[in-house]
Amino acid sequence: MSLLQSLKNAVRSRSIHVAYVNVGSCNGCDIEILACLSPRYDIEQYGIYVHNNPREADVLLITGAFSPQWEDKLKPLWDKIPHPKVAVAIGNCPISGCVFNRPETLVDPPVSKHIPIAAEIPGCPPRPTEIISTILSLAPIIFKDYEETKK
Amino acid sequence: MFSIIYYIREFLRPQWITTFFTAKTAPLVTPPYFRDFPELTDKECTHCLACMMICPAPDAITVVKREEIWRPEITKGHCIRCGLCIEACPEDVLTSGRILAYKKEEELTLKGTFHIEIDQSKCMGCGNCTVACPVNREIDPSLRSSGTSSSGEVIMRVDTGQNKVLHEEKCTGCKTCEESCSNQAIRVARVVEALQGVEE
Ligand code: SF4
Ligand code: SF4
Ligand code: SF4
Ligand code: SF4
């Protein structure tokens, strides 16, 4: 492994930029993501920073059961994120549609049908600790040696 | 001038520097009272299905027989951790957080009944639901394909071209009738009562 690569690994594991998108959730999971920003959990001590701009993001958090309006919007949004990137499904909605997945509703879960999902956090909503520990354990695995394994 | 010197002195204190660089918030722990996904206790499941009937999330809990033993199984990603199955189970097979403790303390029981509603402006009296209902078929095996029946004990029957509900209290909430209706005229609703204290 080159020196440059190990440097990149070290920097990337301490600097994770996050964007989140709500594709039709009840807001419960979004509030739990918001709670991660609070002093109680303080994600910036781990180097996680919320930009909410896909062009700058490494990790995309997805909440919601995928309403029809997102059909033509989520894929372009995912394509805007520069490599290396990873998408994490937050809550039951992107996994199964949660309580909304019933006959005669318009939701179209799971979100993994539309973009590749690397990890799923079940719960309605999941605890902030579950969200943070997932990002922290996932990001280094995905981003490690990215330039070398890409070739 | 003095204040600048004061600040420099303050920020050069070894204790201040060490706390500044090593400060961490409390580690990420889940408290023991957190209402997590229900887990099994060592009590025996009697396959009464009270847990499945109360569950508000589609496909979250199923009671299955594995190695000759009935057991409820929770599907993560579907279960919303509401804890209702724990409260509803008469045998205390499931547990999570403090629910079992306060269930015992408050002598809590959940009693569920089912309410059948037929929208007469949509129902065309075909009798599909009446024939499909497993409870109906058990009560009156000679139920005709048009849904008419000579028995007054059935849950519902077609009478003078209209489907009428006779014995709502016998319904088990399986919703087979809803699925067999082509007009979505029949609806089965769960009505749950929470009771506190010992029943007389
Ligand atoms: S998983 Fe539950 S809390 Fe999260 S968005 Fe869906 S319904 Fe709301
Ligand atoms: S906790 Fe609630 S959602 Fe989960 S299985 Fe039990 S009743 Fe269903
Ligand atoms: S877990 Fe409890 S409520 Fe569910 S079927 Fe078994 S005994 Fe009945
Ligand atoms: S829900 Fe099941 S038991 Fe109740 S009326 Fe419909 S088919 Fe019969």
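Remember, it's a predicted structure, so these values are computed and weren't measured experimentally.

A short note on the overall build of chain A
Check the secondary structure of chain A and you find six helices and five strands. Listing each helix as α and each strand as β along chain A from the N terminus yields α-β-α-β-β-α-β-α-β-α-α. Relative to a compact globule of 151 residues, whose C-alpha radius of gyration would be 15 Å, chain A shows 16 Å and is just as compact. The dimensions of chain A, computed from C-alpha atoms along their principal axes, are 55 × 40 × 20 Å. Counting the 151 residues in chain A, one finds 50% classified as buried. The long-range fraction of contacts in chain A, counting pairs at least 24 apart against all pairs at least 6 apart in sequence, stands at 83%. For chain A, the distance from the average site of its 15 positive side-chain charges to the average site of its 16 negative ones is 5 Å.

Description of the domain arrangement of chain B
Examined at the domain level, chain B breaks down into domain 1 (39-105) and domain 2 (115-191). Relative placement of domain 1 of chain B and domain 2 of chain B: their C-alpha centres are 30 Å apart.

Let's talk about the site of ligand 1
As a matter of local geometry, ligand 1 sits amid Ser25(A), Cys26(A), Gly28(A), Cys29(A), Asn92(A), Cys93(A), Cys98(A), Phe100(A), Gly123(A), Cys124(A) and Pro125(A). Looking at the shell around ligand 1 residue by residue, the classes come out as seven nonpolar, four polar and no charged.

Remarks on the pattern of salt bridges
Residue and element names in this part refer to chain B. Considering all chains together, one arrives at 11 salt bridges over all chains under this definition. The salt bridge involving Glu 193 is made with Lys 111; its shortest N-O contact spans 3.7 Å. Taken as a pair, Glu 193 in strand S8 (residues 186-195) and Lys 111 in strand S5 (residues 109-118) lie far apart in primary sequence, 82 residues in all. For Glu 193, a relative accessible area of 42% puts it in the partly exposed group. We classify Lys 111 as partly exposed; its relative accessible area is 41%. For Lys 170, the salt bridge is made with Glu 153, and the minimal N-O distance between the two is 3.2 Å.

Quick notes on the interface of chain B and chain A
Each partner contributes to the interface: chain B provides 19 residues, whereas chain A provides 23 residues. Between chain B and chain A, roughly 1,600 Å² of surface is buried when both sides are summed, and carbon and sulfur atoms account for 50% of that area. The interface formed by chain B and chain A includes one salt bridge. The closest approach of N and O atoms between Glu130(A) and Arg81(B), which form a salt bridge, is 3.3 Å. On the surface where chain B and chain A come into contact, there are six residue pairs in polar contact (both at pLDDT 80 or more). For the side of chain B that touches chain A, a count of residues per class yields 10 nonpolar, five polar and four charged.

What counts as what
Residues numbered from 1 in each chain as written. Chains lettered and ligands numbered in written order. Predicted model: local features only at pLDDT ≥ 70, side-chain atom pairs only at ≥ 80, totals over all residues. Heavy atoms only, no water. Helix = DSSP H or I, 4+ residues; strand = E, 2+ residues; numbered from the N terminus. Rg over C-alpha atoms; globule rule 2.2 N^0.38 Å. Buried < 20%, exposed > 50% of the residue type's maximum accessible area, 1.4 Å probe, protein only. Contact = heavy atoms within 4.5 Å. Lys, Arg positive; Asp, Glu negative; His and termini not counted. Charge placed at Lys NZ, Arg CZ, Asp CG, Glu CD. Domains from an automatic or database assignment. Near = heavy atom within 4 Å. Nonpolar A, V, L, I, M, F, W, Y, C, P; charged D, E, K, R; others polar. Salt bridge = Lys/Arg side-chain N within 4 Å of Asp/Glu carboxyl O. Buried area = accessible area lost by both parts, 1.4 Å probe. Polar contact = N/O pair within 3.5 Å; in protein donor to acceptor, adjacent residues only side chain to side chain.

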